[in-house]
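Close look at the chain arrangement
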Amino acid sequence: MRVQLTIALSGLLALPAYSAEIDVQVQIPQLNVAEYHRPYVAIWVEGADQKALANLAVWYQQKSTSEGHGTKWLPDLRQWWRRSGRTLKVPVDGVTGPTRPVGMHALRFDAQHPELGKLPPGDYTLVVEAAREVGGRELLKVPFKWGGAGSGKAQGSSELGLVSVTSKP
Amino acid sequence: MNKTLKLATLALALALPLAAQAHKAWLQPSQTVLAGNNPWVTVDAAVSNDLFYFNHVPLKTDNLAITAPDGTTVAAQNAATGKYRTVFDVELKQTGTYRIGVVNNYVTGSWEEDGKPKRWRGTEATFATEVPKDAKKLQVGQSVSRVETFVTNGTPNETALKPSGVGLELVPVTHPNDLFAGEEAKFRFQIDGKPAADLEVEITRGGTRYRNAQDELKLKTNAQGEFTVKWPEAGMYWLEANSEDNKTTVKQARQRRLGYVATLEVLPQ
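The rules we used
- Along each chain, the written sequence defines residue order, and numbers are assigned to residues from 1.
- Throughout, the order in which chains and ligands are written sets their labels, letters from A for the former and numbers from 1 for the latter.
- Given that the model is predicted, a residue must reach a pLDDT of at least 70 before its local features are reported, and side-chain atom pairs must reach 80 or more before they are shown or counted; all residues, however, enter totals for whole chains, interfaces and linings.
- Note that the side-chain values use all heavy atoms of the structure and ignore hydrogens as well as water.
- Helix and strand assignments come from DSSP, with helices taken as H or I runs of at least 4 residues and strands as E runs of at least 2, each series counted from the N terminus.
- Only protein chains enter the area calculation, which uses a 1.4 Å probe; residues under 20% of their type maximum are buried, those over 50% are exposed, and those in between are partly exposed.
- By the convention used here, residues are in contact when the closest approach between their heavy atoms is within 4.5 Å.
- Just to be clear, the radius of gyration here is over C-alpha atoms, and the globule rule we use is 2.2 Å times residues to the power 0.38.
- In this description, strands pair whenever DSSP reports at least two bridges between them.
- The distinction between a cavity and a pocket rests on a 1 Å grid over the protein atoms alone: a 1.4 Å probe fits inside a cavity but cannot get out, while a pocket stays open yet meets protein on both sides within 12 Å along at least five of seven lines, and a residue with an atom within 4 Å of a point counts as lining.
- Grid points are joined across faces, edges and corners, and a volume is the space filled by probe spheres set on the points.
- Each residue is assigned to one of three groups, with Ala, Val, Leu, Ile, Met, Phe, Trp, Tyr, Cys and Pro labelled nonpolar, Asp, Glu, Lys and Arg labelled charged, and all others, Gly among them, labelled polar.
- To obtain an axis, a line is fitted to C-alpha atoms, over the contacting stretch when the element is a helix, and the angle between two such axes runs from 0 to 180 degrees between their N-to-C directions.
- What gets called buried area is simply the loss in accessible area from a 1.4 Å probe that two parts show on being joined, summed for both.
- Any Lys or Arg side-chain nitrogen found within 4 Å of a carboxyl oxygen on Asp or Glu counts as a salt bridge.
- Here the aromatic set is Phe, Tyr and Trp, taking the six-membered ring for Trp, and pairing holds for ring centres within 6.5 Å; pairs whose planes are under 30 degrees apart are stacked, those over 60 apart are edge-to-face, and all others are tilted.
- Geometrically, a lysine NZ or arginine CZ counts as sitting over a ring once it is within 6 Å of the ring centre and also within 35 degrees of the ring normal.
- Like-charged residues within 9 Å of one another, or nonpolar side chains (Val, Leu, Ile, Met, Phe, Trp, Tyr) within 5 Å, are grouped into patches, provided each residue has over 30% relative accessible area and no salt bridge.
- Here the Shrake-Rupley method, with its probe set to 1.4 Å, supplies the accessible areas, and only the displayed protein chains count as covering residues.
- Counting rule applied: Lys, Arg positive; Asp, Glu negative; His and chain ends not counted.
- By convention, charge coordinates are those of NZ in Lys, CZ in Arg, CG in Asp, or CD in Glu.
- What makes a nonpolar core is a set of buried Ala, Val, Leu, Ile, Met, Phe, Trp, Tyr and Cys residues whose side-chain atoms join them at distances within 4.5 Å.
- Each residue carries a pLDDT value, the predictor's own confidence for that position, ranging from 0 to 100.

1. Considering the overall build of chain A
Looking only at helices and strands, one finds two helices and eleven strands in chain A. When burial is assessed residue by residue, chain A has 43% of its 169 residues classed as buried. Of the contacts formed within chain A by residues at least 6 apart in sequence, a portion of 62% connects residues at least 24 apart.

2. Digging into the overall build of chain B
For chain B, the helix and strand inventory stands at two helices and 19 strands. The C-alpha radius of gyration of chain B comes to 19 Å, within 12% of the 18 Å expected for a compact globule of 269 residues. Overall, the C-alpha framework of chain B stretches about 60 × 40 × 35 Å when taken along its three principal axes. By the burial criterion, 49% of the 269 residues in chain B qualify as buried.

3. Observations regarding the sheet that holds strand 9 (residues 137-146) of chain A
Spatially, the five strands line up as an open sheet ordered 6-3-2-8-9 (chain A), and their pairing is mixed. The sheet is open, and its two edges are formed by strand 6 (96-97) and strand 9 of chain A, each paired on a single side.

4. Some words on the layout of surface pockets
To locate leftover empty space, one rolls a probe as large as a water molecule over the atoms. Considered as a void within the structure, the largest pocket measures approximately 420 Å³ in volume. Taken together, 23 residues form the lining of the largest pocket, with Thr71, Leu88 and Val90 of chain A together with Gly36 and Asn37 of chain B sitting closest to its centre. The class makeup of the residues in the lining of the largest pocket is eight nonpolar, twelve polar and three charged. Of the voids in this model, the second largest pocket is the one considered here, and its volume is about 340 Å³. Looking at the second largest pocket, it is lined by 17 residues, and the ones nearest its centre are Arg38, Tyr40, Trp73, Arg132 and Glu133 of chain A. By residue class, the composition of the lining of the second largest pocket is four nonpolar, six polar and seven charged.

5. Notes on the sheet that holds strand 10 (residues 150-155) of chain A
All names here are of chain A. Strand order in the open sheet formed by four strands is 7-1-11-10, and the pairing between neighbours is antiparallel. Edge positions in the open sheet fall to strand 7 (103-110) and strand 10, since each of these has one partner strand only. Put simply, the sheet's adjacent strands are angled 10 degrees from each other on average, direction ignored. Direction of pairing for strand 1 (residues 21-28) relative to strand 7: antiparallel, over a ladder of eight bridges. From the neighbouring strand, Asp23 faces strand 7, where its bridge partner is Arg108.

6. A word on the interface of chain B and chain A
Many authors give the size of an interface as the accessible area that is lost as the parts come together. Taken residue by residue, the interface counts 15 residues in chain B and twelve residues in chain A. Between chain B and chain A, the buried area comes to about 1100 Å², and carbon and sulfur atoms account for 50% of it. Applying the counting rule to chain B against chain A returns three salt bridges. Between Arg82 of chain A and Asp178 of chain B there is a salt bridge, with its nearest N and O atoms 3.2 Å apart.

7. Some points on the packing of aromatic side chains
We describe a pair of aromatic rings using the distance from one ring centre to the other and the angle between the two ring planes. Taken as a whole, this structure holds eleven aromatic pairs over all chains when the rule is applied. On the basis of an interplanar angle of 35 degrees and a centroid distance of 6.3 Å, the ring pair of Tyr124 of chain A and Phe144 of chain A is categorised as tilted. In this pair, Tyr124 of chain A is assigned in strand 8 (residues 122-131) and Phe144 of chain A in strand 9, connecting sequence segments 20 residues apart. Assessed through its relative accessible area of 10%, Tyr124 of chain A is described here as buried. When the centroid spacing of 5.4 Å and the interplanar angle of 80 degrees are considered together, the rings of Phe189 of chain B and Tyr260 of chain B count as edge-to-face. Of this pair, Phe189 of chain B sits in strand 13 (residues 184-191) while Tyr260 of chain B sits in strand 19 (residues 255-266); the two residues are 71 residues apart in sequence, bridging distant segments of the chain. In this structure, Phe189 of chain B and Tyr260 of chain B share a single accessibility class: buried. An aromatic cluster of at least three residues, connected via ring pairs, comprises Phe187, Phe189, Phe227 and Tyr260 of chain B. The ring of Phe54 of chain B has Arg85 of chain B lying over it, and the distance from NZ or CZ to the ring centre is 4.4 Å.

8. A short note on a negative patch on the surface
The grouping of Glu35, Glu67, Asp76 and Glu133 of chain A at the surface amounts to a negative patch. Residue position: Asp76 of chain A is located in the loop between strand 5 (68-69) and helix 2 (78-83).

9. A few points about the nonpolar core
Core analysis: the biggest nonpolar cluster contains 28 residues, and Ile22, Ile43, Val45, Leu56, Leu116 and Leu126 of chain A have the highest contact counts within it. Contributions of two or more residues to this core are made by strand 1, strand 2 (40-46), strand 3 (52-59), strand 7, strand 8, strand 9 and strand 11 (162-168) of chain A. Apart from residues no more than four positions distant in its own chain, Val45 of chain A is found in contact with Lys51, Ala52, Leu53, Ala54, Leu56, Leu116, Leu119, Tyr124, Thr125, Leu126 and Phe144 of chain A. Formed by 26 residues, the second largest nonpolar core is a distinct cluster that contains Leu168, Leu170, Leu179 and Val266 of chain B.

10. With respect to the pairing of strand 1 of chain A
Here strand 1 of chain A pairs with strand 11 of chain A via six bridges, running antiparallel. Bridging across to strand 11 of chain A, Val26 of chain A finds its partner in Val163 of chain A.

11. Section: the confidence of the model for chain B
When pLDDT is averaged along chain B, the result is 91, and 92% of the positions lie at 70 or above. Scoring of the predicted complex yields 0.87 for pTM and 0.83 for ipTM.

12. Details of the environment of Val128 of chain A
Residue and element names in this part refer to chain A. Turning to its location among the elements, Val128 is positioned in strand 8. Each C-alpha atom of the pair Val128 and Leu56 lies 9.8 Å from the other, and the pair is 72 residues apart in sequence. Contact partners of Val128, with chain neighbours within four places excluded, come to Val26, Val41, Ala42, Ile43, Glu138, Leu139, Leu140, Leu160 and Val163.

13. Structural notes on the pattern of salt bridges
All names here are of chain A. Evaluation of the coordinates by the stated rule reveals 23 salt bridges over all chains. For Glu21, the salt bridge identified is with Lys168, shortest N-O distance 3.5 Å. Taken as a pair, Glu21 in strand 1 and Lys168 in strand 11 lie far apart in primary sequence, 147 residues in all. Taking the relative accessible area as the measure of exposure, Lys168 reaches 39% and is therefore partly exposed.

See below:
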């Protein structure tokens, strides 16, 4: 009973007293390579000290192959692994999912997001890291305003294309 | 005098089969940061001049000890010793940090028998039975040496990193599987559990075959036994420190040699 009450209360507390929204676009570029595998991608929000504050998306191979389960290569997303992945129990509802094909991927997050919703409005950085089997790795950062209006973008040069963030209150 | 010196040198060489002059002993894991269900690492163990190439002798792994994240000991699998290296596998069934180490705790002796020099190496227990009580010109030494590396499956933890309190040991302040190029890492050396101050520490990056200089970093521990290293670039690094004292446990031994080696992986940003 008491436990239930605590859960109910924490649920109430988690509801932010403001509205905020970000539109994130992440481009996975077409690559002219002999052996192509879709990249593992992690998208998260970090604070000033590079502390991971919210996992937005982690795309990796969901099934096992003769080489092992898809989670075996998650540490290849080096920074994400260090900042968040290694202490995270995957899969995570609404965060982890299968790898995605070449193209532009649009994502929207608002104050209902379980982790983002707990962040006070302010300046944060969106981090996108991509690592590809038998390929390279690239990490891009785009600062954005949570709970405010603005937009920012970063252009990748190898494993990522354009990454943009548009925020509105 | 000269002969005694030679004998002493010989005894020392025997006492430190791992850190014999100029040769470097090491364990090299196939990777240090892992994830997934029961991942495996394979470890090369060798003694060589170049890092990390097998071109001298395999490292003896009789005293190999693998400490699991919960502090228990697990066994190496598929061990084999070839001409230049020993190789073994470790299945990482638990999540957390494993310490893989070879810890040698030897007693060495040299004496004269029928006018000929005799050399002996064993443990404290066998010293009493195997070395004749009336040995002439008996020279006894002790040595405690460690060759270690660390690997982590999933979330790092500290249980396996706890020092034993015997000999020269590295106590990580920065986790040994959380090392990144351009960042500083802090470690502490201790001897028998007490800070090892003013200890010289040498750190060399692997791949020495493809450069003209060792480019070793020479550091010194402070009064607390601590030192900080800023990793210049990513790579597999070899860290060594040596010391000696007279804290022997065998009463005939006058000197105790202490050695420590770790292989540490530094990842790019």
